Amino acid sequence: KLPVVYLLHGYAGDHFNYLNRTDVREYADRLGMIVVMPDGDTSWYFDSPIDPTYRYETFVSKELVSYVDSHYPTRANWAGRAITGLSMGGHGAMWLSFRHKDVFGAAGSTRGGVDIRPLPNNWEMNKLLGNESDNQEVWNTHTAIMQIDRIKNGELAIIFDCGYSDFFFEVNNDFHKKLLKYKIDHDFLV
């Protein structure tokens, strides 16, 4: 039985990004794990309340996990699963892990858009959530930083990183501060 890492791509990427740009196959073989790289389109990995064709929270956290566990020799519980991603995928990893802590035992993010609200006119998010100024409650409930109160310390292993000059640095720093406020242990690398 092998542990599984769900690896989420960023906006404008696809499920081949890690295969084409990294040695992910070699790492998985060397470390003895399964790596699953779903195509998240431009979804931010939540279920859109506006567009019923965007059901990526349901797809990744339920359908895909169930499929992988039923077809491969996995450690089929939260302790055997981690989720991580880049940029939009970092948002997705935190969003999904906080909302499905019974599914994922560890979460990571690299330069993740862990709070989408400061950039409402980017990445066509209004097609998924509606105009931010008219739908602030929807935007508040569909961003990873607003999910922190769903977890307690020790329920999830968390690691994330972001560079000082990255346009997502401030939201990652705010994410770090909110985790500290809630006394949730985590690693934040800058």
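First, a word on scope: everything that follows refers to the structure included in this document. (Residues numbered from 1 in each chain as written. Predicted model: local features only at pLDDT ≥ 70, side-chain atom pairs only at ≥ 80, totals over all residues. Heavy atoms only, no water.)

Considering the overall build of the chain
Definition in use: The helix and strand labels rest on DSSP assignments: H or I over at least four residues marks a helix, E over at least two residues marks a strand, and numbering proceeds from the N terminus. The size measure is the radius of gyration over C-alpha atoms, and the globule rule it meets is 2.2 Å times the number of residues to the 0.38 power. Classification of residues uses two cut-offs on accessible area relative to the type maximum, computed with a 1.4 Å probe and protein chains only: under 20% is buried, over 50% is exposed, and between them is partly exposed. Whether two residues are in contact is decided by their heavy atoms, any of which lying within 4.5 Å being enough. Throughout, the Shrake-Rupley method with a 1.4 Å probe supplies accessible areas, and for residues the shown protein chains are the sole cover considered.
Scanning the chain from N- to C-terminus turns up seven helices and six strands. For the chain, the α and β elements follow one another from N to C terminus as β-α-α-β-α-β-α-β-α-α-β-α-β. Taken over the C-alpha trace, the chain has a radius of gyration of 16 Å; the compact-globule value for 190 residues is 16 Å, and the two agree within 12%. Residue burial in the chain is summarised as follows: out of 190 residues, 47% are buried. In the chain, the proportion of contacts linking residues at least 24 apart, taken out of those at least 6 apart, comes to 70%. For the chain, the accessible surface area stands at approximately 9,600 Å², while carbon and sulfur atoms represent 50% of it.

Things to note about the packing of aromatic side chains
Stated formally: In this analysis, rings of Phe, Tyr and Trp, with Trp reduced to its six-membered ring, are considered paired at centre separations within 6.5 Å, and the interplanar angle assigns stacked below 30 degrees, edge-to-face beyond 60, and tilted for intermediate values.
Under the definition given, this model contains 12 aromatic pairs. When the ring of Trp44 is compared with that of Trp123, the centres are 5.6 Å apart and the planes differ by 55°; the resulting orientation is tilted. With a gap of 79 residues between them, Trp44 in the loop between strand E2 (34–36) and helix H3 (56–71) and Trp123 in the loop between strand E4 (106–110) and helix H5 (126–129) connect regions that are remote in the sequence. When its relative accessible area of 1% is taken as the criterion, Trp44 is described as buried.

Observations regarding the sheet that holds strand E6 (residues 187–189)
The cut-off we apply is this: Any two strands are treated as partners once DSSP identifies two or more bridges connecting them. In this analysis, axes come from line fits to C-alpha atoms, helices being fitted only over the stretch in contact, and the angle between any two N-to-C directions falls in the range 0 to 180 degrees.
Strand order in the open sheet made by the six strands is E2-E1-E3-E4-E5-E6, with parallel pairing throughout. Looking along the sheet, the strands with just one partner apiece sit at the ends: E2 and E6. Here the average twist between neighbouring strands, direction ignored, is 15°. Here three bridges tie strand E5 (residues 157–161) to E6, and the two strands are oriented parallel to one another. Bridging across to E6, Phe160 finds its partner in Phe188. Running at roughly 135° to strand E1 (residues 4–8), H3 makes contact with E1, E2 and strand E3 (81–85) of the sheet. Packing of helix H4 (residues 88–99) onto the sheet brings it into contact with E1, E3, E4 and E5, and relative to E3 it is tilted by some 145°.

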